[in-house]
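Single-letter residue listing:
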Amino acid sequence: MLVRGPSMAPALRNDDIVLVRWGVMPKPGQIVLVRWAARPGQLSVKRASHEVDGGWHVVGDNPFASTDSEHLGPAEVLGVVKARLWPRPRLRP
């Protein structure tokens, strides 16, 4: 997946390419790929905080540039980010 936007800086930055393992249940603290009920056509990369009724509470690492569960409510986790592939390869970003 291609990361767009600054919401996960410094862990992930705009134009980073990440490897997502689909269908994996996250653990708190992991970076995840999510979908929002309020924005069904949008996918986002966020950090899992805790499980709540209706999904997961997720947050961006950059509090100054993130729209997350504080604004959009619980998210549906689609998968867990396992590695950054480009431009600085790293397991578990």
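Structure shown above.
Asks: What is the right way to read the overall build of the protein from this model?
Replies: What the protein contains, in helices and strands, is one helix and six strands. Secondary structure of the protein in N-to-C order comes out as β-β-β-β-α-β-β. A globule of 93 residues ought to have a C-alpha radius of gyration of about 12 Å, and the protein, at 12 Å, matches this closely. Projected onto its principal axes, the C-alpha coordinates of the protein cover approximately 35 × 30 × 25 Å. Out of the 93 residues in the protein, the part that is buried amounts to 43%.

Asks: Honestly, the layout of surface pockets in this entry has me stumped. Any pointers?
Replies: Which parts of space are left empty comes out when a probe the size of a water molecule is rolled across the atoms. Put simply, the largest pocket is a space of about 210 Å³. Val3, Arg4, Leu43, Ser44 and Val45 are, among the 14 residues lining the largest pocket, the residues nearest its centre. Per-element accounting of the lining of the largest pocket gives the leading share, four residues, to strand S3 (residues 43–52). Considered class by class, the residues forming the lining of the largest pocket number nine nonpolar, three polar and two charged.

Asks: What's the story with the side chain of Lys46 in this structure? I'm lost.
Replies: The residue Lys46 is located in strand S3 in this model. One buried charge, Lys46, has no salt-bridge partner; the nearest side chain with opposite charge is Asp68, at 5.7 Å. A polar contact of 3.1 Å, which involves the side chain of Lys46, links it to the side chain of Ser66.

Asks: Which parts of the structure should I look at to understand unusual backbone geometry?
Replies: Peptide bonds are mostly trans, and most non-glycine residues show a negative phi. The step from Ala9 to Pro10 runs through a cis peptide bond, and the omega angle for that step is 15°. With respect to the element layout, Pro10 can be found in the segment before strand S1 (17–22). A cis amide bond links Trp86 to the next residue, Pro87, at an omega of 5°. Mapped onto the fold, Pro87 is located in the loop between strand S5 (75–86) and strand S6 (90–91). Of note, Asp15 is a non-glycine position whose phi angle comes to about 80°, a positive value.

Asks: Hey, could you run me through the environment of Arg39 in this one?
Replies: Of note, Arg39 is situated in the loop between strand S2 (31–36) and S3. Take Arg39: its relative accessible area is 35%, and that puts it in the partly exposed class. Spatially, the C-alpha atom of Arg39 lies 17 Å from that of Val3, the residues being 36 residues apart in sequence. Residues within four places of Arg39 in sequence aside, it is in contact with Thr67 and Leu72.

Asks: Mind showing me how you'd approach the pairing of strand S4 (residues 55–59) here?
Replies: Two faces, one strand: in a regular strand the side chains alternate between the faces of the sheet. In terms of burial, S4 is a largely internal element, four of the five residues being buried. In the sheet, S3 pairs with S4 via five bridges, with the strands oriented antiparallel. Following the sheet pairing, His50 is matched in S4 by His57. Hairpin connection from S3 to S4: two residues lie between these consecutive antiparallel strands, with Gly54 at a positive phi of about 90°.

Cut-off values and rules
Residues numbered from 1 in each chain as written. Predicted model: local features only at pLDDT ≥ 70, side-chain atom pairs only at ≥ 80, totals over all residues. Heavy atoms only, no water. Helix = DSSP H or I, 4+ residues; strand = E, 2+ residues; numbered from the N terminus. Rg over C-alpha atoms; globule rule 2.2 N^0.38 Å. Buried < 20%, exposed > 50% of the residue type's maximum accessible area, 1.4 Å probe, protein only. 1 Å grid on protein atoms, 1.4 Å probe; cavity = no way out; pocket = protein on both sides within 12 Å on 5 of 7 lines; lining within 4 Å. Points joined across faces, edges and corners; volume = space filled by probe spheres on them. Nonpolar A, V, L, I, M, F, W, Y, C, P; charged D, E, K, R; others polar. Lys, Arg positive; Asp, Glu negative; His and termini not counted. Salt bridge = Lys/Arg side-chain N within 4 Å of Asp/Glu carboxyl O. Polar contact = N/O pair within 3.5 Å; in protein donor to acceptor, adjacent residues only side chain to side chain. Contact = heavy atoms within 4.5 Å. Pairing = 2+ DSSP bridges.

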